[in-house]
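# Secondary and tertiary structure notes
Letter by letter, the chains look like this.
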Amino acid sequence: MESQHNLKYWKAEAFLGLGPGAYSLLPVEFLESAPYGAHFKTPSRFDDWLKWTEQPHLKHVETRSEKNHVLELFMLGLRLEGGIEKVRFPELFNWDILKDFSHLIEHDAELVKATPRGREILDTTLLELSQKII
C-alpha cells in the first residue's frame, strides 16, 4: 500500500516540516521570487531551534532553479510506479531530450515514468539525464 503522507514528498509537492532540523518545500505562492518553489531547513541543534522559534525567519531559504526543479521531479517521480504528471514540469520544458532515453523513460500527453529497465538503473539514468538538462 502506498502511504499518502509520503506521496507528497515523492511528487515534490509543497510541505512544511516542523521541529529541529526540519526540512520544508515552500510553495511557489509563498515566495514571489521563487517560481519553482524553495527549500527551507530549520536549525538542527535544539538550542538553536528554540532561539529560532522566538523570532522565526526565512534566512535559510534556498530558491530552486528551473533545472533543479526539473531534476527533482525526475528523481522523485520516476521512482513512482505511476510516474509523475507532466503538468508539474515547466510549460516550455523540451521533452525531446528524452528521445535518447526511450528504452528507460516513457511519456505520453499526461505522464512521464520509468520503464521497468529504467527503474532498475534509475540512478545512472538520472545522472545521464541531468547532463542533458540545461
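Everything discussed here concerns the structure shown above.
Throughout this document, residue positions are counted from 1 along each chain, in the order its sequence is written. At least 70 in pLDDT is required for a residue's local features to be given in this predicted model, at least 80 for side-chain atom pairs to be given and counted, and no such filter applies to totals for whole chains, interfaces and linings, which use all residues. Heavy atoms from the whole structure form the basis of all side-chain values; hydrogens and water molecules are not counted.

## A few points about the environment of His-103
In this description a helix means any DSSP run of H or I spanning at least four residues, a strand means any run of E spanning at least two, and both kinds are numbered starting from the N terminus. Inspection of the secondary structure assignment puts His-103 in the loop between β4 (84–85) and β5 (105–107). Distance from His-103 to Arg-117, taken between C-alpha atoms, is 7.5 Å for residues 14 residues apart in sequence.

## Here we look at the side chain of His-69
By secondary structure assignment, the location of His-69 is in helix α3 (residues 66–77). Taking relative accessible area as the criterion, His-69 reaches 7% and is therefore assigned buried. When near neighbours in sequence (up to four residues on either side) are disregarded, His-69 contacts Tyr-36, Arg-64, Arg-88 and Pro-90. Only protein chains enter the accessibility calculation, which uses a 1.4 Å probe; a residue whose area is less than 20% of its type maximum is buried, one above 50% is exposed, and one in between is partly exposed. Any two residues whose heavy atoms approach within 4.5 Å are treated as being in contact.

## Section: the packing of α3 against helix α5 (residues 122–132)
At a minimum axis distance of 11 Å, the contact between α3 and α5 shows a crossing angle of 160 degrees. Looking at the two axes, α3 sits roughly antiparallel to α5. For the element pair α3 and α5, the recorded crossing hand is right-handed. Across the interface between the two elements, Lys-67, Leu-71, Phe-74 and Met-75 of α3 pack against Leu-126, Leu-129 and Ser-130 of α5. For the contact of α3 with α5, a count of residues per class yields 5 nonpolar, 1 polar and 1 charged. Only C-alpha atoms enter the line fits that serve as axes; for helices the fit covers just the stretch in contact. Angles between N-to-C directions range over 0 to 180 degrees. Every angle not falling under 35 degrees, over 145, or within 65 to 115 is termed oblique; those three ranges are roughly parallel, roughly antiparallel and roughly perpendicular. It is the rotation of the near helix from the far one that decides the hand of a crossing: anticlockwise by less than a right angle makes it left-handed, clockwise makes it right-handed. Gly falls in the polar group here, along with every residue not listed as nonpolar (Ala, Val, Leu, Ile, Met, Phe, Trp, Tyr, Cys, Pro) or charged (Asp, Glu, Lys, Arg).

## Here's the deal with the packing of aromatic side chains
For this analysis, a ring pair means two rings from Phe, Tyr or Trp (six-membered ring only for Trp) whose centres lie within 6.5 Å, classed as stacked if their planes differ by under 30 degrees, edge-to-face if by over 60, and tilted for the remaining angles. Evaluated as defined, the whole model comprises 10 aromatic pairs. Judged by centre distance (4.6 Å) and plane angle (85 degrees), the rings of Tyr-9 and Phe-15 are edge-to-face. According to the relative accessible area criterion, Tyr-9 is partly exposed, its value standing at 31%. We call a charge positioned above a ring when the Lys NZ or Arg CZ atom is no farther than 6 Å from the ring centre and deviates by at most 35 degrees from the ring normal. Taking NZ or CZ as reference, Lys-86 lies 4.3 Å from the ring centre of Trp-95, over its face.

## Let's talk about the pattern of salt bridges
We define a salt bridge as a side-chain nitrogen of Lys or Arg found within 4 Å of a carboxyl oxygen belonging to Asp or Glu. Applying the stated rule across the entire model yields 6 salt bridges. One salt bridge connects Arg-79 with Asp-123, and the closest N-O pair in it is separated by 2.7 Å. Of this pair, Arg-79 sits in the loop between α3 and β4 while Asp-123 sits in helix α5; the two residues are 44 residues apart in sequence, bridging distant segments of the chain. Between Asp-100 and Lys-132 there is a salt bridge whose closest N-O contact spans 3.0 Å. Here Lys-132 lies in helix α5 and Asp-100 lies in the loop between β4 and β5, a separation of 32 residues in the sequence.

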